[in-house]
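Listed below, chain by chain, are the residues.
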Amino acid sequence: MSAVKQAEMGPETTAIETAKDRETPIRKLFKAQAFQIFIVLLVVIAIFSAIAPDTFAQLSNLRLVVQNASILAVLGVGMTYVIITSGIDLSIGSVLVFSGVVSATTMRAMGGDDWGTAIVGIIVSIGVGILWGTFNGILISKAKVPPLIVTLGSLGMALGLAQILTGGVDIREVPSVLTDSIGYGNVFGAVPIISVIALVVVIIGALVLHKTKFGLYTYAVGSSEEAARRVGVKVDRHLIRIYAISGGLAGLAGILSLSQFGTTAIAGQSQTNLNVIAAVVIGGTSLFGGYGTIFGTVVGLFIPAVLQNGFVITGVQPFWQQVAVGAVLILAVYVDQVRRSSAARGGSTSFWRALVSRKKK
């Protein structure tokens, strides 16, 4: 590990990365929390496939699961960046709704049903999301208001303004080009366009996070803001950009939601922010900052999606999904705490070894 990278990271993350540098790639893979969650996902899929091979283990059902997770995947990319900086964004569900409402209102006022109107709506939705994210970022970085409070306030403000603009009644006039193409369109015969868009966002998000200086600075800020400032990272500006990205992706999710459902669905996003946060944390991104991957987030998103789909098909009450996801979320946070405390003491970053050594004390 380079000296510059060590200076940009906090002591806990530096210990984790130093331990990883001494390991082979195969050992790194098997010890990664994201990979372990991926194994859990494969086991869950295998169980449901064995129970309901004629319904669950079908390509059409897999397509449905992927499509249902697509909007959450877009939101999950932004949330991964935010949580890596040791922040939180509770407002993404409301920003999604507000961006969709402003976009739908704009397109309805234009009165068109062609791609010209649709493109304006897409730009408006993403732009509104960026403005909300920038607003959050400025308050967090400049006014030093805790992210939890800022985004909780934005959650209520964005949802309230959406209801004011619509009178609490969903807007259903969405250009057919959006619903027919993005909402229900396919490529290669059976691959939903909305899922292709989500995949592009995931790939770009992963490349930026793991292969660019912007991503390195994101990890540095989450590990230690003070250390990041000492090596020249403009922390306040970087945080504003991070929250702007999260807001912009919420705006993109807003237009995707409009396209998929053909309505603003104001009351349909009440659990979106919590579902996304749970998926990001389950996927191995640390709530303490400085650690996480986009791959882990995608895997974390599919855990609740597969559980919900499998429970419905097998006749199990879907409420059990909340119980299962909640239990996995608590376990994921506990694993992260054990791993980080062990790494900070210079011990093994393996969860099981760290857990055994903790019990012996």
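Thresholds, definitions, all that
Residues numbered from 1 in each chain as written. Predicted model: local features only at pLDDT ≥ 70, side-chain atom pairs only at ≥ 80, totals over all residues. Heavy atoms only, no water. Helix = DSSP H or I, 4+ residues; strand = E, 2+ residues; numbered from the N terminus. Buried < 20%, exposed > 50% of the residue type's maximum accessible area, 1.4 Å probe, protein only. Contact = heavy atoms within 4.5 Å. Areas by Shrake-Rupley, 256 points an atom, 1.4 Å probe, with all protein chains shown as cover. 1 Å grid on protein atoms, 1.4 Å probe; cavity = no way out; pocket = protein on both sides within 12 Å on 5 of 7 lines; lining within 4 Å. Points joined across faces, edges and corners; volume = space filled by probe spheres on them. Salt bridge = Lys/Arg side-chain N within 4 Å of Asp/Glu carboxyl O. Nonpolar A, V, L, I, M, F, W, Y, C, P; charged D, E, K, R; others polar. Axes fitted to C-alpha atoms, helices over the stretch in contact; angles between N-to-C directions. Parallel < 35°, antiparallel > 145°, perpendicular 65-115°, else oblique. Expected span 1.5 Å × (residues − 1). Polar contact = N/O pair within 3.5 Å; in protein donor to acceptor, adjacent residues only side chain to side chain. Left-handed = near helix turned anticlockwise from the far one by under 90°. Phe/Tyr/Trp six-rings, centres within 6.5 Å; stacked < 30°, edge-to-face > 60°.

S.K.: Before we go on, may I ask you to explain the overall build of the protein chain in this structure?
M.R.: From N to C terminus, the protein chain includes 17 helices and two strands. The buried share of the protein chain, reckoned over its 361 residues, is 50%. Intrachain contacts of the protein chain at a sequence separation of at least 6 include 76% that bridge at least 24 residues. Surface summary for the protein chain: the accessible area is close to 16,500 Å², and the carbon and sulfur share equals 68%.

S.K.: Can you walk me through empty space enclosed by the protein in this structure?
M.R.: Which parts of space are left empty comes out when a probe the size of a water molecule is rolled across the atoms. By the definition in use, this model includes four cavities of 30 Å³ or more. Empty space within the second largest cavity amounts to approximately 50 Å³. Surrounding the second largest cavity, ten residues form its lining, Val 281, Thr 285, Ser 286, Ala 332 and Asp 336 being those nearest its centre. Tallying contributions element by element places helix H16 (residues 319-344) first for the lining of the second largest cavity, with three residues.

S.K.: What's the story with the pattern of salt bridges in this structure? I'm lost.
M.R.: Once the charged atoms of two side chains with opposite charge are near each other, the side chains can pair. Evaluated as defined, the whole model comprises six salt bridges. Linking Arg 108 and Glu 173 is a salt bridge whose minimum nitrogen-to-oxygen distance equals 3.8 Å. Note that Arg 108 is positioned in helix H6 (residues 92-110) and Glu 173 in the loop between helix H8 (147-166) and helix H9 (176-183), a separation of 65 residues in sequence. Exposure remark for Arg 108: the relative accessible area of 43% places this residue in the partly exposed category. Residues Asp 236 and Arg 229 are paired through a salt bridge, measuring 3.0 Å at the closest nitrogen-oxygen approach. Accessibility expressed as a relative area gives 34% for Arg 229, which makes it partly exposed. Within the structure, one salt-bridge network assembled from shared partners comprises Lys 142, Lys 144, Glu 225, Arg 229 and Asp 236.

S.K.: Whenever I open this one, the layout of surface pockets confuses me. Can you help?
M.R.: Empty space within the largest pocket amounts to approximately 830 Å³. Every element with two or more residues in the lining of the largest pocket is listed here: helix H5 (59-84), helix H13 (235-261), helix H14 (272-282), helix H15 (294-314) and H16. A class-by-class count of the residues in the lining of the largest pocket yields 14 nonpolar, twelve polar and no charged.

S.K.: What's the story with the packing of H9 against H13 in this structure? I'm lost.
M.R.: What describes two packed helices is the angle between their axes and the distance between those same axes. Contact geometry of H9 with H13 gives a least axis separation of 7 Å together with a crossing angle of 95°. One way to sum up the angle between H9 and H13 is to call them roughly perpendicular. Where H9 approaches H13, its residues Leu 178, Thr 179, Ile 182 and Gly 183 are matched on the opposing element by Ile 255, Leu 256, Leu 258, Ser 259 and Gln 260. The residue inventory of the contact of H9 with H13, partitioned by class, reads five nonpolar, four polar and no charged.

S.K.: Can you walk me through H15 in this structure?
M.R.: At 3.6 residues per turn, the α-helix brings residues three or four places apart onto the same side. The end-to-end C-alpha distance of H15 is 30 Å, a good match for the 30 Å that 21 residues give at a rise of 1.5 Å each. Measuring from the backbone nitrogen of Gly 296 back to the side-chain oxygen at the start of H15 gives 3.0 Å, which picks out Thr 293 as the cap. One or two positions beyond H15, positive phi appears at Gly 315, with a value near 85°.

S.K.: It is not clear to me how the side chain of Thr 263 should be interpreted in this structure. Could you clarify?
M.R.: Of note, Thr 263 is situated in the loop between H13 and H14. At 3.4 Å, the side chain of Thr 263 and the backbone oxygen of Ile 171 are in polar contact.

S.K.: What's the story with the packing of H6 against H8 in this structure? I'm lost.
M.R.: One can describe the packing of H6 onto H8 by two numbers: an axis separation of 8 Å at closest approach and a directional angle of 25°. What the angle tells us is that H6 and H8 run roughly parallel. Here the hand of the crossing between H6 and H8 comes out left-handed. Facing H6, whose interface residues are Ser 94, Val 95, Val 97, Phe 98, Val 101 and Val 102, H8 presents Leu 155, Ala 158, Leu 159, Leu 161, Ala 162, Leu 165 and Thr 166. Residues belonging to the contact of H6 with H8 are distributed by class as follows: eleven nonpolar, two polar and no charged.

S.K.: What exactly am I supposed to notice about the environment of Leu 258 here?
M.R.: The residue Leu 258 is located in helix H13 in this model. Using a relative accessible area of 1% as the deciding quantity, one classes Leu 258 as buried. For the pair Leu 258 and Ser 103, spaced 155 residues apart in the sequence, the C-alpha separation amounts to 9.0 Å.

S.K.: For this particular structure, what's the right way to read the packing of aromatic side chains?
M.R.: Given two aromatic rings, their pairing is described by the distance between the two centres and the angle made by the two planes. One pass over the full model with this rule turns up six aromatic pairs. A ring pair is formed by Phe 38 and Phe 295, whose centres lie 6.0 Å apart and whose planes are at 55°; its orientation type is tilted. On the criterion of sequence distance, the pair formed by Phe 38 in helix H4 (residues 33-51) and Phe 295 in helix H15 is long-range, its members being 257 residues apart. Residue classification places Phe 295 among the partly exposed residues on the basis of a relative accessible area of 47%. Between Phe 98 and Trp 132 the ring centres are 5.9 Å apart and the planes differ by 90°, which places this aromatic pair in the edge-to-face class.

S.K.: Which parts of the structure should I look at to understand unusual backbone geometry?
M.R.: Leave glycine aside and you will find that most residues have negative phi; peptide bonds, for their part, are mostly trans. The backbone of Ser 86 shows a phi angle near 65°, a positive value even though the residue is not glycine. In this fold, Ser 86 is placed in the loop between H5 and H6. On the basis of relative accessibility, which here comes to 37%, the residue Ser 86 falls in the partly exposed class. A positive phi is found at Ala 265, a non-glycine position, where the angle reads about 50°. In this structure, Ala 265 sits in the loop between H13 and H14. Its relative accessible area of 16% is what places Ala 265 among the buried residues.

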